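Fold and geometry: a report
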Amino acid sequence: MFLPQEFIRRKRDNYALDPDQINAFIRGVANDTISDAQIAAFCMAVFLNGLNANETAHLTTAMADSGTRLKWNQLNGPVIDKHSTGGVGDKVSLMLAPIVAACGLYVPMIAGRGLGHTGGTVDKLEAIPSYKTNLSITDFQRIVCNLGCAIIGQTAEFAPADGRLYAVRDVTATVENISLITASILSKKLAAGLQGLVMDIKTGNGAFMPTLEQAQHLADSLTRVATAADLPLKAVITDMNQVLGSSAGNTVEIIETIDYLTGKHRDPRLHDVTMTLAAEMILLGKQALDPKAARQKAQHALDNGRAAEIFEKMVGAQGGPHDLLDNPDIYLPKASVIVDVIADRDGYIAAQDTRNIGVLLVNFKAGRARVEDTIDPRIGITDIAPIGTKIEKGKTLLARFHLVEPLGKDIAIHSYLNCLTISDTAPSPEKIIHVA
């Protein structure tokens, strides 16, 4: 007989877990016979004592098998996805899916909600009125087949055990564990029936893997488990020592995505990451012979407007407005209070405390502190000055807060200024792509 408390005790005491026990526990998570308290205890035991390679592989497979596994036999092209470990302002998935779909790949993207201090792709898309992230499997597959991509959230059909674990980890300080991250990511991707996966592993002060060494350990873990599951995987390590792009929040990131796809504005760092990942997906799908050709193909999909067209059609197919790109101001919810953060001294922006910028957004309800919290999509930050910007006291705009009431104005300004390091000399340029 399986007793959850004995299973948890075993990992608490740092003993290896039996595959059958792992399967039984995950079945209980999926069918709600395991409580949130028991999930939290298990996650904390794993966080403190870790899982070995075999345990991680078994946990991943058990979570993938807790729901439906998709098959894409009807498609005549490669089924490839990308996943990010999360960061502040990371809206890459929103533009990447339509870009590579325009290049002949199929992207069935099952995305996540905000986790800890990081934003979630699903939360961002739900800032679009009536956009449905909980499609049926039939509708999900139909849209992917017709348009080349669809982005939905995790549903009861796909790795439901991970859905519960994911939510509990978010609010119990157990996010930053390599085995739990590996199992969470790959269980969803295996359930999606992928033929290849590109991983964007963030490193820096705004990432769950703050050091390059930790990021490489996660890359190794993901590669090892993916290989065991016959899933081709390419890991790319990118910088998260500053907000990615010029915005962070939900509505504001949708606006930046639209501006990016239509060519109105493309932040250089954001563009570099997006093109690098797009090229890797195209190469993994064998739609180009070399990285240069793959990057050119992705750029062409942007320049000829095809990527923007697919994004708008995807939004419409998933319940959102069919003319979002032409009329974002009509549809997207707006903040009622705009607060400018102006430089309080001369110098250069030498560093950002990116994690605390994310925490600041959570505190203003742009993210969740608890599972049951409701996000306000109107709240966010735009016009974020990047590291290296020369600033002048009383003149340079450092950031612009979008709030719903003036009460938090002074807190926003003071807190954001505390997230910046200002120096008298210009800092050395930050490396954006560490490993590709």
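Above this text sits the structure in question.
Structure report, in brief. Quick caveat: nothing in here was measured; it's all calculated off a predicted structure. (Residues numbered from 1 in each chain as written. Predicted model: local features only at pLDDT ≥ 70, side-chain atom pairs only at ≥ 80, totals over all residues. Heavy atoms only, no water.)

**Comments concerning the packing of aromatic side chains**
Taken as a whole and assessed by the stated rule, the structure comprises eight aromatic pairs. Aromatic side chains tryptophan 72 and phenylalanine 140 sit 6.2 Å apart centroid to centroid with 75° between the ring planes, which places their arrangement in the edge-to-face category. Of this pair, tryptophan 72 sits in the loop between helix H4 (53-64) and strand E1 (80-84) while phenylalanine 140 sits in helix H7 (residues 137-147); the two residues are 68 residues apart in sequence, bridging distant segments of the chain. Taken individually, tryptophan 72 and phenylalanine 140 each receive the classification buried, so the pair is uniform in this respect. Ring centres of phenylalanine 401 and tyrosine 416 lie 5.9 Å apart, and the angle between their planes is 85°; on these two criteria the pair is classed as edge-to-face. Residue phenylalanine 401 is found in strand E11 (residues 397-403), and its partner tyrosine 416 is found in helix H17 (residues 409-418); the two are separated by 15 residues along the sequence. Taking the relative accessible area as the measure of exposure, phenylalanine 401 reaches 1% and is therefore buried. Within the aromatic cluster, the residues linked to one another by ring pairs are Phe2, Phe7, Phe25 and Phe42. (Phe/Tyr/Trp six-rings, centres within 6.5 Å; stacked < 30°, edge-to-face > 60°. Helix = DSSP H or I, 4+ residues; strand = E, 2+ residues; numbered from the N terminus. Buried < 20%, exposed > 50% of the residue type's maximum accessible area, 1.4 Å probe, protein only.)

**Some words on the pattern of salt bridges**
Overall, the coordinates contain 27 salt bridges when judged by the stated rule. We note a salt bridge from arginine 113 to aspartate 123, for which the minimum N-O separation is 3.0 Å. Taken together, the positions of arginine 113 in the loop between strand E2 (107-111) and helix H6 (121-125) and aspartate 123 in helix H6 put the pair ten residues apart, joining distant regions of the chain. For arginine 113, a relative accessible area of 33% corresponds to the partly exposed category. A single salt-bridge network, built from bridges that share partners, covers Lys91, Lys124, Glu253 and Glu256. (Salt bridge = Lys/Arg side-chain N within 4 Å of Asp/Glu carboxyl O.)

**Focus on the environment of asparagine 304**
Considering the arrangement of structural elements, one finds asparagine 304 in the loop between helix H13 (291-303) and helix H14 (306-317). The exposure class of asparagine 304 is partly exposed, given its relative accessible area of 45%. A polar atom in the side chain of asparagine 304 sits 2.9 Å from the backbone nitrogen of arginine 306. (Polar contact = N/O pair within 3.5 Å; in protein donor to acceptor, adjacent residues only side chain to side chain.)

These figures capture arrangement, not role.
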